[in-house]
Amino acid sequence: MKTYQHLCKDAIRSLPVYEPGKPIELVAREYGLDPERVDKLASNENPLGPSPMALAAARRAAAETWLYPENSCYWLRHKLADRLNVGPDQLIFGAGSNEVFYLLADVFVAAGVEVVMGESAFISYKISTLLHGGTPVEVPLRELRHNLDAMRGAVTERTRLVYLPNPNNPTGTANAADEVIAFVRSLPEHVVCCYDEAYAEYQEAAPDLRPLIAEGRQLICTRTFSKIYGLAGLRIGYGYGCPALVALLERARPPFNVGNVAQAAALAALDDTGFVERSRRGNIEGMRYLAAGLERLGFTSVPSCGNFILVDFGAKAQDVFETLLQNGIIVRPVAGYDLPQYLRITVGRPEQHDRLLGVLERSALP
Ligand SMILES: Cc1ncc(COP(=O)(O)O)c(C=O)c1O
């Protein structure tokens, strides 16, 4: 069989592959389980599903799928601009915030360019950098949090981008507002900071970096509809930053990159503030319950600001992952993030937590 290896760019040949959480159907097939009885706690999705208002809007919009979508996300752009108190020209939309990271790489990364990121930070930063022939400069975390002094120290003349996810995935840890603000202010003018706020809506008192954008810092903040808004399957996210930076990203954006169903659902989801509040409260209670249950069984977890927790299973992490799969519970191994003793578990619904804790208790693991 032809592989075409000799034809492709070097960067593609050696690119690490993104490993998503295992899908329910696949696990059901592999383990001979009823898909209805499989719980996926592997991709930090909202266990409540989408907001009913968003779903109704998506259904209505589905009738229009024969038309190309609104290319600029006009209505969503204006609603979000009002909501965030930024100009409409300060927003860029993507097929998930992932696409915004790829646009940043399109615009700023080439051979010889360095991109500074945490060593166990969300993997897309590294993949998009390598894809463009750039060099990821991975800075070890300090006590599982981004080490901002060391990251600042890793910036050189060749650095064009710095990624700071807050909270980070997969650790769930966050840096305090004052240190984040000091860090962004300390960056030289030839470096753009991407501040990834994928889980900000779950965070109590999330740092607000809009004053830094207003004072002209080279900063783009990214957010997503995949997490608290429960629209991961529609692929929609966005970034907001200074207009000149956004204009550069717009040049690289493929036309019609966000579909009409995604735009309509996102617009309605923003209005369903009750759903967001229920999701937030359910997450706080669920996380507390899950962490306490795990603690009772002798497993410690890392305090998290997101909708997931990193749990220390020591040398048995892979066995625990397998045991849970056999019982129809999908969680996420994080060995690829250099955290082999941990598993990442998304906060689910109460009955899912009881099932998971029950399996762990019965399995007589460590
Ligand atoms: C820290 C972080 N940023 C960004 C994303 C990307 O989300 P999406 O592309 O679905 O918007 C994720 C998804 O898991 C994430 O954990």
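Throughout what follows, the structure given in this document is the object of discussion. (Residues numbered from 1 in each chain as written. Predicted model: local features only at pLDDT ≥ 70, side-chain atom pairs only at ≥ 80, totals over all residues. Heavy atoms only, no water.)

1. Re the packing of helix α4 (residues 74–84) against helix α11 (residues 260–271)
Stated precisely, the cut-off is as follows: To obtain each axis, a line is fitted to C-alpha atoms, and for helices this fit is confined to the stretch in contact; angles are then taken between N-to-C directions over 0 to 180 degrees. Note on conventions: DSSP H or I runs of at least 4 residues are helices, E runs of at least 2 residues are strands, and numbering of each starts at the N terminus. Angles are sorted into four bins: roughly parallel if under 35 degrees, roughly antiparallel if over 145, roughly perpendicular if 65 to 115, and oblique for all others. Two helices that cross are described as forming a left-handed crossing if the nearer one is turned anticlockwise from the farther one by less than a right angle, and a right-handed crossing if clockwise. Contact criterion: two residues are considered in contact whenever any of their non-hydrogen atoms come within 4.5 Å of each other.
Where α4 contacts α11, the two axes come as close as 9 Å, and the packing angle between them is 25°. Viewed along their axes, α4 and α11 adopt a mutual orientation that is roughly parallel. Handedness of the α4/α11 crossing: left-handed. Contacts from Y74, W75, L76, K79, L80 and R83 in α4 reach Q263, A266, L267, L270 and D271 in α11.

2. Thoughts on the environment of V276
Its place among the elements puts V276 in helix α12 (residues 273–296). Counting along the chain gives 150 residues from V276 to K126, while the straight-line C-alpha distance between them is 31 Å. Look past the residues within four positions of V276 in its chain and what remains in contact with it is I228 and Y229.

3. Examining helix α5 (residues 97–108)
Basically, it comes down to this: The length a helix should cover is 1.5 Å for every residue beyond the first. Three exposure classes are used, based on accessible area relative to the maximum for each residue type with a 1.4 Å probe and protein chains only: buried under 20%, partly exposed in between, and exposed over 50%.
Helix length check: α5 (12 residues) gives 17 Å between terminal C-alpha atoms against 16 Å at 1.5 Å per residue, within 8%. If you check which residues of α5 are buried, you get S97, E99, V100, F101, L103, L104, A105 and F108.

4. Points about the site of the ligand
Quick reminder of the rule: By convention in these notes, a residue is near a molecule or strand provided one of its non-hydrogen atoms lies within 4 Å of it. Polar contact is the term for a pair of N or O atoms within 3.5 Å; when the atoms are in protein, one must be able to donate a hydrogen and the other to accept it, and sequence-neighboring residues count only if both atoms are side-chain atoms. Shrake-Rupley sampling with a 1.4 Å probe provides the accessible areas, and residues are treated as covered by the protein chains on show and by no other component. Only Asp, Glu, Lys and Arg are considered charged in this grouping, and only Ala, Val, Leu, Ile, Met, Phe, Trp, Tyr, Cys and Pro are considered nonpolar; every other residue, Gly among them, is considered polar.
The immediate surroundings of the ligand are formed by 13 residues, with S97, N169, D196, T224 and S226 found nearest. Within the backbone of S97, a nitrogen or oxygen atom sits 2.7 Å from an oxygen atom of the ligand. Interatomic distance of 3.0 Å between a side-chain N/O atom of N98 and an oxygen atom of the ligand. Protein chains bury 95% of the 400 Å² of accessible surface belonging to the ligand in isolation. In terms of residues, the shell around the ligand owes the most to one element, α5, which gives 3 residues. Of the residues in the shell around the ligand, the class split is 4 nonpolar, 6 polar and 3 charged.

5. Let's talk about the nonpolar core
This is how it is decided: Only buried residues count toward a nonpolar core, which is a set of Ala, Val, Leu, Ile, Met, Phe, Trp, Tyr and Cys residues joined through side-chain atoms within 4.5 Å. What counts as a domain boundary in this text is fixed by an automatic or database domain assignment.
In terms of nonpolar packing, the biggest core is built from 81 residues, with L76, L80, L91, Y163, L219, I220 and F225 touching the most fellow members. When residues of this core are sorted by domain, at least three fall in each of domain 1 (10–49 + 274–362) and domain 2 (52–271). When near neighbours in sequence (up to four residues on either side) are disregarded, Y163 contacts F101, L104, V115, V116, M117, Y125, S128, M151 and C194. Core analysis: the second largest hydrophobic core is formed by 27 residues, V38, V311, V347 and V359 among them.

6. Section: the pairing of strand β8 (residues 237–241)
Just so we agree on the cut-off: Strands qualify as paired when DSSP identifies two bridges or more between them.
Within β8, 5 of the 5 residues are buried, which leaves the element mostly enclosed by the surrounding structure. Residues of β8 alternate between two faces, with G237, G239 and G241 on one and Y238 and Y240 on the opposite face, all of them buried. Sheet topology places strand β2 (residues 91–94) next to β8; 4 bridges connect them, and they run antiparallel. Bridge pairing in β8 links F93 to Y238.

7. Considering the sheet that holds strand β13 (residues 342–346)
Read across the sheet, 4 strands follow the order β9-β10-β13-β12 without closing on themselves; strand pairing throughout is antiparallel. Whereas interior strands pair on both sides, the edge strands pair on one side only; in this sheet they are β9 (301–302) and β12 (332–333). In this sheet, strand β10 (residues 308–312) lies alongside β9 in antiparallel orientation, the contact comprising 2 bridges. Within β10, the position partnered with V302 by the bridge is L310. Of the strands in this sheet, β12 and β13 touch helix α13 (residues 317–326), which is tilted by about 35° from β13.

8. Regarding the sheet that holds β8
Strand order in the open sheet made by the 7 strands is β2-β8-β7-β6-β5-β3-β4, with mixed pairing throughout. Of all strands in the sheet, those with a lone pairing partner are β2 and β4 (135–139), marking the two edges. Adjacent strand axes in the sheet meet at a mean angle of 20° when their direction is disregarded. With 4 bridges joining them, strand β6 (residues 192–196) and strand β7 (residues 219–224) adopt parallel strand pairing. Looking across to β7, one finds that C193 is bridged to L219. Relative to the sheet, α4 contacts β2 and β8, its axis offset from that of β2 by approximately 130°. Helix α6 (residues 124–131) rests against β3 (114–118), β4, β5 (159–165) and β6 of the sheet, and its axis sits at about 155° to β4.

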